[in-house]
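Chain by chain, the residues run as shown.
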Amino acid sequence: MDGTEQKILRQIDHNRDRIIAFAEDIAAHPEPGFEEKRTAEKTAELLRKLGYEVQTGLALTGVRGDWGSEKGPNLTVIGEMDAIGCRTHPMADPANGTAHACGHHAQMAAMMGTAVAFADPEIRKELGGSLTFFAVPAEEYIDADRRPLLREKGVRFMSGKSELIRIGAFDRTDIAMTTHVHMVPVEEDFYLGNPACNGFTAERVTVRGKAAHAAVDPWNGVNALSIATSAIQMMALMRETFREEDHVRLHNVIRKAGDVLNSVPDEAVVETKVRAASLEMIEKNREKVHRAYDGAAYAFGGKIEREVLQGYMPVIPREADEALIQAARELGLDYRTVQKGDFNNACTDVGDLSHLFPVVNFTYKGFEGKLHGADFRITDPETAYILPAKLQALTAYKLLKNGGEKAREIKDSFQPAFNVGEYIRYVEKLLLGK
């Protein structure tokens, strides 16, 4: 470990209480996606005090702090600001029903700890390229009922990273750095690299039937609830057609099933989500779902209306980068790296980033309970807040020292699945149904 790396660690140790207090303040004030106003204000305030050039209001609430020359590679360190709906969590906000039961406040601590380290002018002198610290909104799924309200505010793509890509907020990014508490079963404290991860698409389906008296003449009605339940049953029977390697998951929630008990329901509303490990399988299995709805409607004589609800792209897996492994070794961490076959059945909009940029990622312990559950809580601030900040900061330094040599290697060897324009067109055509 060289002198600059030792100074980075001292900076983080010196600001340990400040970093922990920042994380715990965010945890105590959870906010839903695209509404993280207080979190954004606190983040912008701290980044300004550290001497970064700050932009706010990106995709409504996003905050980025920039430093460095545009001549070299840009490393964008990401923290997610939003909380998850979990009203039963002991720290849930009684008004908005959200809680930090997914550990996003720990990501924010790691990002801010790294920003604290690189506020030192002597450390900055050793870097080639530029650093961005980006607090992003809305990683969690945005419910269908909230989407029209957000469209009125100018949001078009309904996840934070996707909308930020659309508006050009990632145009300078060459490499993204992300963190999270463990999302897959890992015994070690740290898990280095980015495992493959499901993506999804969703839709709200309105089933139109025909009302009639449920006792006097039900034969003159068309039962929208029967259409909906028949479609859901057909989806259940399709499950044997899903290959294990495609990691397909189907989820349905009936939002409405008629209005009164003594009338044949003339309207039913169902939200359906299709998860899979590739864009191809998402599209193919979405077509199966469409056939189920269309077939059920045809059988009963009803009609189907669809509203496509944009989801997330699958994560393109990436092995742990050399700089990340070296930093973990120097810190003496208990870790393992992503191996071939590792898979996360959940979804994250980091998947969208992985189609455009190399993503340097790691996850960590320091908590107990279940993600998104009422029992989730941070139990070890050192492992959940401080060590991730040190690992991220050392990795960033290793990537950007010597004129950004390692960062350039990663950038030059990466083959994106889309450029930004192609990505936007894909989302508009296939995920938004345009």
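1. Re the packing of aromatic side chains
Taken as a whole and judged by the stated rule, the model has ten aromatic pairs. An angle of 40 degrees between the planes, with centres 5.1 Å apart, marks the rings of Phe134 and Phe170 as tilted. In this pair, Phe134 is assigned in strand 6 (residues 130–136) and Phe170 in the loop between helix 7 (160–166) and strand 7 (175–181), connecting sequence segments 36 residues apart. Considered together, Phe134 and Phe170 belong to a single accessibility category, that of buried residues. Arranged with centres 5.7 Å apart and planes meeting at 65 degrees, the rings of Tyr141 and Phe200 form a pair that is edge-to-face. With Tyr141 in the loop between strand 6 and helix 6 (147–152) and Phe200 in strand 9 (residues 196–208), this pair connects stretches of sequence that are 59 residues apart. Using a relative accessible area of 25% as the deciding quantity, one classes Tyr141 as partly exposed. Aromatic rings pair up to connect Phe134, Phe170 and Phe357 into one cluster.

2. Some points on the layout of surface pockets
Of the volumes computed, that of the largest pocket is approximately 810 Å³. If you trace the largest pocket, you find 39 residues lining it, with Ile84, Glu140, Tyr141, Asp143 and Lys273 closest to the centre. Of the residues that constitute the lining of the largest pocket, the class distribution is 15 nonpolar, twelve polar and twelve charged.

3. Details of helix 3 (residues 37–49)
For helix 3, spanning 13 residues, the distance from its first C-alpha to its last is 18 Å, which sits close to the expected 18 Å at 1.5 Å a residue. Every buried residue of helix 3 is accounted for by Thr39, Ala40, Thr43, Ala44, Leu46 and Leu47. For helix 3, the buried positions fall inside an angular range of 165 degrees around the axis, keeping them on one side. Looking at helix 3, the residues exposed on the side facing more than 90 degrees away from the buried face are Lys37, Glu41 and Lys49. Buried-residue contacts for helix 3 involve helix 2 (16–28), strand 1 (53–58), strand 2 (62–68), helix 4 (104–117) and strand 6. The positive-phi residue at the C-terminal boundary of helix 3 is Gly51, with phi of around 95 degrees.

4. Considering the packing of helix 10 (residues 322–331) against helix 12 (residues 381–413)
Helix 12 packs onto helix 10 with a crossing angle of 130 degrees between their chain directions and a minimal axis gap of 8 Å. Accordingly, the angle class assigned to the pair helix 10 and helix 12 is oblique. As for the relative orientation of helix 10 and helix 12, their crossing is right-handed in sense. Note on element contacts: helix 12 touches helix 10 through Lys390, Leu391, Leu394, Thr395, Lys398, Leu399 and Lys406, opposite Glu322, Ala323, Leu324, Gln326, Ala327, Ala328, Glu330 and Leu331. Here the contact of helix 10 with helix 12 is built from residues that sort into eight nonpolar, two polar and five charged.

5. Focus: empty space enclosed by the protein
Scanning the model with the defined rule gives two cavities of 30 Å³ or more in all. The calculated volume of the largest cavity comes to roughly 210 Å³. Along the wall of the largest cavity there are 18 residues; nearest its centre are His180, Met183, Asn194, Thr348 and Asn361. At the level of elements, strand 3 (74–80), strand 7 and strand 15 (359–364) are the ones that each hand at least two residues to the lining of the largest cavity. Per-element accounting of the lining of the largest cavity gives the leading share, three residues, to strand 7.

Scoring rules and cut-offs
Residues numbered from 1 in each chain as written. Predicted model: local features only at pLDDT ≥ 70, side-chain atom pairs only at ≥ 80, totals over all residues. Heavy atoms only, no water. Phe/Tyr/Trp six-rings, centres within 6.5 Å; stacked < 30°, edge-to-face > 60°. Helix = DSSP H or I, 4+ residues; strand = E, 2+ residues; numbered from the N terminus. Buried < 20%, exposed > 50% of the residue type's maximum accessible area, 1.4 Å probe, protein only. 1 Å grid on protein atoms, 1.4 Å probe; cavity = no way out; pocket = protein on both sides within 12 Å on 5 of 7 lines; lining within 4 Å. Points joined across faces, edges and corners; volume = space filled by probe spheres on them. Nonpolar A, V, L, I, M, F, W, Y, C, P; charged D, E, K, R; others polar. Expected span 1.5 Å × (residues − 1). Arc of directions from axis to C-beta. Contact = heavy atoms within 4.5 Å. Axes fitted to C-alpha atoms, helices over the stretch in contact; angles between N-to-C directions. Parallel < 35°, antiparallel > 145°, perpendicular 65-115°, else oblique. Left-handed = near helix turned anticlockwise from the far one by under 90°.

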